[in-house]
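# Summary of the model geometry
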Amino acid sequence: MQKIVVLTGAGNSAESGLGTFRAEGGLWAQHRIEDVATPEGFARDPKLVVDFYNARRAQAAEAEPNAGHLALAKLESEFAGDVIVITQNVDDLHEKAGSQKVMHMHGALKSALCAACAHRWPAPLVMAPGDSCPACNRPAARPDIVWFGEMPYDMDEIFRHLSEADIFISIGTSGNVYPAAGFVAEARSAGAETIEFNLEPSLVGNQFEDIRIGSASETLPVWVDEILQKSRS
Ligand code: BJW
């Protein structure tokens, strides 16, 4: 059975109205990474960090999947093989579109994490610094987001999927952040065909065999139809 492994980044959700990080005017132009996306920033000013993620949780709750998300859900339901989506995004737009096999390597806005006992539970729409953990009762709730210096989730399973990939596609990610930026090399060494979808080549764009330049909502549906047609013939 053929396996397609999909990596998505902020560009895949951009056309749903959610900001990317490194674009001019993007999230990192408005907030210092060290302040809102590191454990040290959270220790220094938990309210700033919790408010940052509360605002993004509220925005994500209103967002709707775009044609790129819908094309990936169609690929999963109609492709004769296996389709796995590994997303760096913390929104739930793949799930809203109908994708079932989604791995959130950088965590999820909908989830809360106990910094004391590592219990995870559904986050309320508005979290507050010092919220208690429902499992251990300590006031150690934090957004369930993987910050710089922390280990992304499900890495063993992700590397297993990459080692089994026949096709690896990467959509709307700049190639700035590891380990995700290294996935193309991993998939290539496993013999996968590799394709990047982006408005412009990413920092690791030269490692892909093919690049489809354009917005994900336009390029992905075309590619998904090509692949489905090929797999039926
Ligand atoms: C479109 C589009 C449209 C726009 N259509 N395209 C030195 C060397 C190597 C590594 C390191 C190093 N020093 C430190 C590290 C490790 C560090 C790292 O990578 N740092 C770099 C800055 C150098 N990484 C970590 O710390 C990670 N942990 C780790 O490495 O653990 C150890 C380990 C060891 C071995 C194996 C495994 C692990 C943790 C990283 C955590 C990242 N967290 C964040 C924030 C939390 C989530 C959140 O708040 O949402 O995750 S940072 C931020 O960047 C966020 C994103 O998921 C991530 C990636 O961003 P993304 O998605 O690429 O967005 P952009 O904005 O950069 O790009 C958007 C792209 O879309 C652009 O290319 C546009 O052109 C495109 N686009 N519209 C198609 N319509």
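Above this text sits the structure in question.
Read on for an overview of the structure.

Thresholds, definitions, all that
- Residues numbered from 1 in each chain as written.
- Predicted model: local features only at pLDDT ≥ 70, side-chain atom pairs only at ≥ 80, totals over all residues.
- Heavy atoms only, no water.
- Phe/Tyr/Trp six-rings, centres within 6.5 Å; stacked < 30°, edge-to-face > 60°.
- Buried < 20%, exposed > 50% of the residue type's maximum accessible area, 1.4 Å probe, protein only.
- Lys NZ or Arg CZ within 6 Å of the ring centre and 35° of its normal.
- Disulfide = S-S within 2.5 Å.
- Salt bridge = Lys/Arg side-chain N within 4 Å of Asp/Glu carboxyl O.
- Helix = DSSP H or I, 4+ residues; strand = E, 2+ residues; numbered from the N terminus.
- Near = heavy atom within 4 Å.
- Polar contact = N/O pair within 3.5 Å; in protein donor to acceptor, adjacent residues only side chain to side chain.
- Areas by Shrake-Rupley, 256 points an atom, 1.4 Å probe, with all protein chains shown as cover.
- Axes fitted to C-alpha atoms, helices over the stretch in contact; angles between N-to-C directions.
- Parallel < 35°, antiparallel > 145°, perpendicular 65-115°, else oblique.
- Left-handed = near helix turned anticlockwise from the far one by under 90°.
- Contact = heavy atoms within 4.5 Å.
- Pairing = 2+ DSSP bridges.

### So, the packing of aromatic side chains
Enumeration over the complete set of coordinates arrives at seven aromatic pairs. For the pair phenylalanine 21 and tryptophan 28, a centre-to-centre distance of 4.8 Å together with 45° between the ring planes defines the contact as tilted. Taking the relative accessible area as the measure of exposure, tryptophan 28 reaches 17% and is therefore buried. Ring geometry for phenylalanine 52 against tyrosine 53: centres 4.8 Å apart, planes inclined by 80°, an arrangement best described as edge-to-face. The buried category is assigned to tyrosine 53, whose relative accessible area is 3%. Across from the ring centre of tyrosine 153, 4.0 Å away, lies the NZ or CZ of arginine 120, which sits over that ring.

### Remarks on the state of the cysteines
Applying the stated criterion across every chain, the model contains zero disulfides. As a non-bridged cysteine, cysteine 114 has cysteine 133 as the owner of its nearest cysteine sulfur, 3.7 Å distant. The exposure class assigned to cysteine 114 is buried, which follows from its relative accessible area of 2%.

### Points about the pattern of salt bridges
The tally for this structure, following the rule as stated, stands at 15 salt bridges. With its nearest N and O atoms 3.4 Å apart, the salt bridge here joins arginine 44 to aspartate 35. The exposure class of arginine 44 is exposed, given its relative accessible area of 54%. Of the charged contacts in the structure, one is a salt bridge between glutamate 226 and arginine 212, with a shortest N-O distance of 3.2 Å. Here glutamate 226 is found in helix 10 (residues 216–232), whereas its partner arginine 212 is found in strand 9 (residues 210–213), with 14 residues between them in sequence. A single network of salt bridges, built from pairs that share partners, joins Arg32, Glu34, Asp35 and Arg44.

### Examining the site of the ligand
For the ligand, the set of nearby residues contains 35 residues, the closest of which are Arg22, Arg56, Thr173, Ser174 and Asn198. Separating an oxygen atom of the ligand from a backbone N or O atom of phenylalanine 21 is a distance of 2.8 Å. A distance of 2.7 Å separates a nitrogen atom of the ligand from a polar backbone atom of glutamate 150. About the coverage of the ligand: the protein hides 75% of its 1500 Å² of free accessible area. Secondary-structure elements contributing two or more residues to the shell around the ligand are helix 1 (10–14) and helix 5 (46–62). The element best represented in the shell around the ligand is helix 1, accounting for three residues.

### Looking at the packing of helix 6 (residues 67–78) against helix 10
Helices that pack against each other are described as a pair by the angle of their axes relative to one another and the distance between those axes. Closest axis-to-axis distance for the helix 6/helix 10 pair is 8 Å, and the angle between their directions is 15°. Judged on the interaxial angle alone, helix 10 and helix 6 are roughly parallel. Like other packed secondary-structure pairs, helix 6 and helix 10 cross with a definite hand, here left-handed. Two secondary-structure elements touch here, helix 6 through Ala67, Gly68, Ala71, Leu72, Lys74, Leu75 and Glu78 and helix 10 through Ala216, Ser217, Leu220, Pro221, Trp223, Val224, Asp225, Ile227, Leu228 and Arg232.

### Here's the deal with the sheet that holds strand 2 (residues 82–87)
What the six strands build is an open sheet, ordered 3-2-1-7-8-9; its pairing is parallel. Each having just a single partner strand, strand 3 (102–104) and strand 9 make up the two edges of the open sheet. Strand-to-strand, the axes of this sheet are offset by a mean angle of 15°, without reference to chain direction. Bridge count for strand 1 (residues 3–8) against strand 2 is six bridges, and the pairing is parallel. When the sheet's bridge partners are listed, leucine 7 is paired in strand 2 with isoleucine 86. Contacts between helix 6 and the sheet are confined to strand 1, strand 2 and strand 7 (167–171), with strand 1 contributing the most and set at about 160° to the helix. Seen against the sheet, helix 10 touches strand 1, strand 7, strand 8 (193–198) and strand 9 and runs at an angle of roughly 165° to strand 7.

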